[in-house]
Amino acid sequence: MEDYKYLFKVVLIGNAGVGKTCLVRRFTQGLFPPGQGATIGVDFMIKTVEIDGEKIKLQIWDTAGQERFRSITQSYYRSANALILVYDVCLQDSFESLPQWITEMENYAGKNILTYLVGNKTDQINRREIPTAIGQQFAQRYEMRFLETSAKEADNVEKLFLEIGKELTKLTRENEVRPKGEAGFTPGSATTVSSFSCCKI
Ligand code: GTP
């Protein structure tokens, strides 16, 4: 059995084509895949990271942005410890869809969940449609953490997932020292999962 302290489930959501798969592949495999096809249903990848000297497993679920898979992807929200809502900083449409995604989160995700808003494709400087400040304001309004990334240039991608790992570890530790009966964060159970598995549904 592989040795790790915690397993956390992280789920990426957002419109088709905003770069969810590329963010996951950049973080887990260190590459920007050429000619990435649309995700069918849900994929997952696992990466073990070290936080404060302890091994933490991140099980990262990459959901399809296309509407026709919505009923499949919704079922993955419930068990998530963190949700990453991604939009494309060069595509106004993907930003305007955010309120619909927020409704999905409210309907299907658990209460004690860490949420991030991520504006991806910052490398496309001349094509940007959504200024950083607008993304930040939206995140603040919905009490989400905010980051802009480029999966292509590997900008802020590692930071995003490591921040999530750190924050979830902190919340879990706080929960462990909390007196019994007091409501708190519910960590992912440390079940055994084979390393770096990937599944297509
Ligand atoms: P679905 O699986 O359909 O939901 O899409 P997705 O959100 O997973 O998008 P995907 O990762 O497949 O990327 C869609 C397109 O955007 C691909 O052509 C990628 O090469 C491109 N792309 C993704 N991230 C970036 C980025 O950071 N910069 C640039 N320039 N292009 C990117």
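Structure shown above.
Residues numbered from 1 in each chain as written. Predicted model: local features only at pLDDT ≥ 70, side-chain atom pairs only at ≥ 80, totals over all residues. Heavy atoms only, no water.

Caption draft 1: Up close: the side chain of Asp 62. Considering the arrangement of structural elements, one finds Asp 62 in strand S3 (residues 54-63). For the buried Asp 62, no salt bridge is present, and the opposite-charge side chain at shortest range is Lys 20, 5.6 Å distant. At 2.6 Å, the side chain of Asp 62 and the side chain of Thr 21 are in polar contact. The residues touching Asp 62, leaving out its near neighbours within four places in the chain, are Leu 12, Lys 20, Thr 21, Val 24, Thr 39, Gly 41, Val 42 and Asp 43. (Helix = DSSP H or I, 4+ residues; strand = E, 2+ residues; numbered from the N terminus. Buried < 20%, exposed > 50% of the residue type's maximum accessible area, 1.4 Å probe, protein only. Lys, Arg positive; Asp, Glu negative; His and termini not counted. Salt bridge = Lys/Arg side-chain N within 4 Å of Asp/Glu carboxyl O. Polar contact = N/O pair within 3.5 Å; in protein donor to acceptor, adjacent residues only side chain to side chain. Contact = heavy atoms within 4.5 Å.)

Caption draft 2: The pairing of strand S5 (residues 114-120), seen in detail. Of all 7 residues making up S5, 7 are buried, and the element is well covered by its neighbours. Alternating positions in S5 separate into two faces, Leu 114, Tyr 116, Val 118 and Asn 120 on one and Thr 115, Leu 117 and Gly 119 on the other, with burial throughout. Sheet topology places strand S4 (residues 82-88) next to S5; 7 bridges connect them, and they run parallel. When the bridges of S5 are listed, Leu 85 appears paired with Leu 117. When S5 meets strand S6 (residues 145-148), the two strands line up parallel, connected through 4 bridges. Note on S6: the bridge partner recorded for Leu 117 is Phe 146. (Pairing = 2+ DSSP bridges.)

Caption draft 3: Structural context of the nonpolar core. Grouped together as the largest cluster of nonpolar side chains are 28 residues, with contacts concentrated most on Leu 58, Ile 84, Phe 161 and Ile 164. For this core, the element with the highest residue contribution is helix H6 (residues 157-177), accounting for 5 residues. When neighbours within four sequence positions are excluded, Ile 84 is seen to be in contact with Val 10, Val 11, Leu 12, Ile 13, Tyr 116, Val 118, Leu 160, Phe 161 and Ile 164. Counting residues in each nonpolar core, the second largest holds 27 residues, with Ala 80, Leu 83, Met 105 and Met 144 among its members. (Core = buried A, V, L, I, M, F, W, Y, C linked by side-chain atoms within 4.5 Å.)

Caption draft 4: Representation of the site of the ligand in the model. The local shell around the ligand holds 21 residues, among which Lys 20, Thr 39, Gly 65, Asp 123 and Ala 151 are the closest. Within the side chain of Lys 20, a nitrogen or oxygen atom sits 2.8 Å from an oxygen atom of the ligand. Contact between the ligand and Thr 21: an oxygen atom at 2.9 Å from a side-chain N or O atom of the residue. Here the ligand, which alone exposes 660 Å², has 86% of that area covered by the protein. Here the shell around the ligand takes 3 residues from helix H1 (residues 20-29), the largest share from any one element. (Near = heavy atom within 4 Å. Areas by Shrake-Rupley, 256 points an atom, 1.4 Å probe, with all protein chains shown as cover.)

Caption draft 5: Just the pattern of salt bridges, in detail. One pass over the full model with this rule turns up 8 salt bridges. Among the salt bridges present, the one from Asp 52 reaches Arg 173, with a minimum N-O distance of 3.5 Å. Placement of Asp 52 in the loop between strand S2 (42-51) and S3 and of Arg 173 in helix H6 is noted, with a sequence separation of 121 residues between them. Relative accessible area serves as the criterion here: at 64%, Asp 52 is assigned to the exposed category. Where Lys 170 meets Glu 174, a salt bridge forms, and the shortest distance between an N and an O atom there is 4.0 Å. Separated by 4 residues within a single helix, Lys 170 and Glu 174 lie in helix H6, roughly one turn from each other. Its relative accessible area of 34% is what places Glu 174 among the partly exposed residues. Here the salt bridges do not stand alone but share partners, grouping Arg 145, Glu 167, Lys 170 and Glu 174 into one network.

Caption draft 6: The arrangement of the sheet that holds S4 in detail. Strand order in this open sheet of 6 strands is S2-S3-S1-S4-S5-S6, and the pairing throughout is mixed. Two strands lie at the open edges of the sheet, namely S2 and S6, each paired on one side alone. Each adjacent strand pair in this sheet contributes to an overall mean axis angle of 25°, direction not counted. Contacting strand S1 (6-13), S2, S3, S4 and S5, H1 crosses the sheet at an angle of about 155° to S3. Against the sheet, helix H5 (residues 132-141) makes contact with S4, S5 and S6, and its axis sits at roughly 160° relative to S6, the strand it touches most. (Axes fitted to C-alpha atoms, helices over the stretch in contact; angles between N-to-C directions.)

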